[in-house]
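Topology and contacts: notes
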Amino acid sequence: MRRSISVDLGERSYPIVVGEGAWEEMAGYLASRPPGKAALVTDERVGSLYGGRVRKILDDAGIDHLLITVPRGEKSKSFRYLELLCREMAVADMARDGLVIALGGGVVGDLAGMAASTFLRGVRFVQLPTTLLAMVDSSVGGKTGINIPEGKNLVGTFYQPEGVYAQTAVLGTLEERDWYSGLAEAVKIALSMDAEFFSFLESTADFGPEGDLDISRVVLTACENKANVVRQDERESGLRRVLNFGHTLGHAIEAALGYGTLRHGEAVIMGMKGALRLSMDRCGLPKERYRQAMAVLDRIPVPSVGLGGEDFGTFLRRDKKAAGGKVQAVLIRDIGYHEFTDLENPAVLMDAYERSIAGT
Ligand SMILES: NC(=O)c1ccc[n+]([C@@H]2O[C@H](COP(=O)([O-])OP(=O)(O)OC[C@H]3O[C@@H](n4cnc5c(N)ncnc54)[C@H](O)[C@@H]3O)[C@@H](O)[C@H]2O)c1
């Protein structure tokens, strides 16, 4: 079954379509508002699995397109690949009525979105997310970005797509680590703003890739929550920061270990553990609720990595949410209820993470 919700942003409102036939629905939409030249952007793995199918859908809809394939992984979110995309689109004579279609996970979505927002000062853009992370989080809300060695997502734009079309059946070919990485972002949404969603995840006996999770419900509930936040605060001047729960420390860990060592969601799991422990100290998160939240996070496997020696402090201070030397952290006072707190010394997050692991 296919369902749809809307991200309400006035003239720039757009649908999120979830379920079987979502890609065909995109073709129907494009046929009703034909673009000029389109660029289908994907990575090597997604391209080999699903590129042919999407190209056929575009051909059948009469959409003239070129295919641009980037390597898998975080390294493609770089100036080098942004330049490659822009140059290929220029060589193909894409004009202002051009369209960028992102087919892939958060990496492809962030990179392709950045290209769509900057090439010719902005061409049309749609998202076909293929990872759970991209479906529950990154394809919705219009954040685009690339990394530089100094930090993750430090260069980027806000640029909403015209539509998000999530064909959930493609999640069947995800690697297990990518499944759990996406689930981490769903748990983030549950912990920081939706207690009922948390109870649903908690009560699912096996939320692994072979388990009994109702994945359409997960994607739709996460997207409804995110759409609601984005509607109120599109450019992250306040409420939208709630989506960074677990990310301040998570991003610092990712950058300090080197991009690609951990999946994004794995680093976010570690970041959420630190944030939960600090929430007990600073926001009165009851111990029982802390244990309940940790029990769900502990069901998501994270590879063990040594965290000694890296300069997390530098990366923490460089966080985009830092202002006036202070790092703004998202904590929770109860499951589903967030609070924003300024941290004079961001190293307390790493200390809290270590205490959460040690059980002290
Ligand atoms: N823009 C935002 O609001 C936002 C929010 C959260 C995260 N992000 C970004 O998202 C990125 C992480 O996204 P991700 O976890 O999707 O990573 P990813 O895009 O690297 O995808 C993970 C892996 O899964 C493979 N893959 C994708 N779809 C597949 C499928 N259906 N079957 C088999 N393999 C498939 C890819 O080839 C890749 O190797 C990070 O860069 C993060 O910063 C952005």
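Here, every reference points to the structure presented above.
Residues numbered from 1 in each chain as written. Predicted model: local features only at pLDDT ≥ 70, side-chain atom pairs only at ≥ 80, totals over all residues. Heavy atoms only, no water.

Here we look at the packing of aromatic side chains
Applicable threshold: Stacked, tilted and edge-to-face pairs are distinguished by plane angle, under 30 degrees for stacked and over 60 for edge-to-face with tilted covering the rest, among Phe, Tyr and Trp rings (Trp via its six-membered ring) whose centres lie within 6.5 Å. By definition, any uninterrupted DSSP run of H or I lasting at least four residues is a helix, any uninterrupted run of E lasting at least two residues is a strand, and each is numbered from the N terminus. Partly exposed describes any residue whose relative accessible area lies between the buried limit of under 20% and the exposed limit of over 50%, with all areas from a 1.4 Å probe on protein chains only and scaled to the type maximum.
Evaluated as defined, the whole model comprises 2 aromatic pairs. Centre to centre, the rings of Trp23 and Tyr50 are 6.0 Å apart; their planes meet at 75°, and the pair counts as edge-to-face. Highlighted residues: Trp23 in helix 1 (residues 22-32) and Tyr50 in helix 2 (residues 44-60), separated in sequence by 27 residues. There is no split in this pair, since Trp23 and Tyr50 are both buried. Where Phe197 meets Phe200, the ring centres are 6.4 Å apart and the plane angle is 15°; that geometry is what we call stacked. Residue Phe197 and its partner Phe200 are both found in helix 7 (residues 195-203); the two are separated by 3 residues, about one turn of the helix.

Quick word on the packing of helix 10 (residues 264-283) against helix 11 (residues 287-298)
Under the convention used in this document: Between the N-to-C directions of two axes lies an angle of 0 to 180 degrees, each axis being a line fitted to C-alpha atoms and, for a helix, fitted only over the stretch in contact. Oblique is the label for any angle not under 35 degrees, not over 145, and not in the 65 to 115 range, which are roughly parallel, roughly antiparallel and roughly perpendicular in turn. Note on contacts: a residue pair is in contact if any heavy atoms of the two residues lie within 4.5 Å. Each residue receives one of three labels: charged for Asp, Glu, Lys and Arg, nonpolar for Ala, Val, Leu, Ile, Met, Phe, Trp, Tyr, Cys and Pro, and polar for the others, Gly being one of them.
The N-to-C vectors of helix 10 and helix 11 enclose an angle of 175°; their axes lie 10 Å apart at closest approach. Taken together, the axis directions place helix 10 and helix 11 in an arrangement best described as roughly antiparallel. Contact residues: Ile269, Met272, Lys273, Leu276, Arg277 and Met280 in helix 10; Lys287, Tyr290, Ala293, Met294, Leu297 and Asp298 in helix 11. Looking at the contact of helix 10 with helix 11 residue by residue, the classes come out as 8 nonpolar, no polar and 4 charged.

Considering the site of the ligand
Counted only if it meets this: We call a residue near a molecule or strand when any one of its heavy atoms sits within 4 Å of it. Within 3.5 Å is the distance limit for a polar contact, defined as a pair of N or O atoms, with the added protein rule that one can donate a hydrogen and the other accept it, and that residues adjacent in sequence qualify only through two side-chain atoms. The accessible surface values rely on the Shrake-Rupley method and a 1.4 Å probe; as for residues, cover is taken only from the protein chains in view.
Among the 27 residues in the neighbourhood of the ligand, the closest are listed as Asp43, Arg72, Thr130, Thr131 and Thr173. One nitrogen or oxygen atom from the side chain of Glu74 is found 2.9 Å from an oxygen atom belonging to the ligand. A distance of 3.0 Å separates a nitrogen atom of the ligand from a polar atom in the backbone of Lys143. Protein contacts shield 93% of the accessible area of the ligand, which totals 860 Å² for the unbound molecule. Put simply, the parts of the chain that give the shell around the ligand at least two residues each are helix 2, helix 4 (106-118), helix 5 (132-138), strand 8 (151-155) and helix 6 (176-193).

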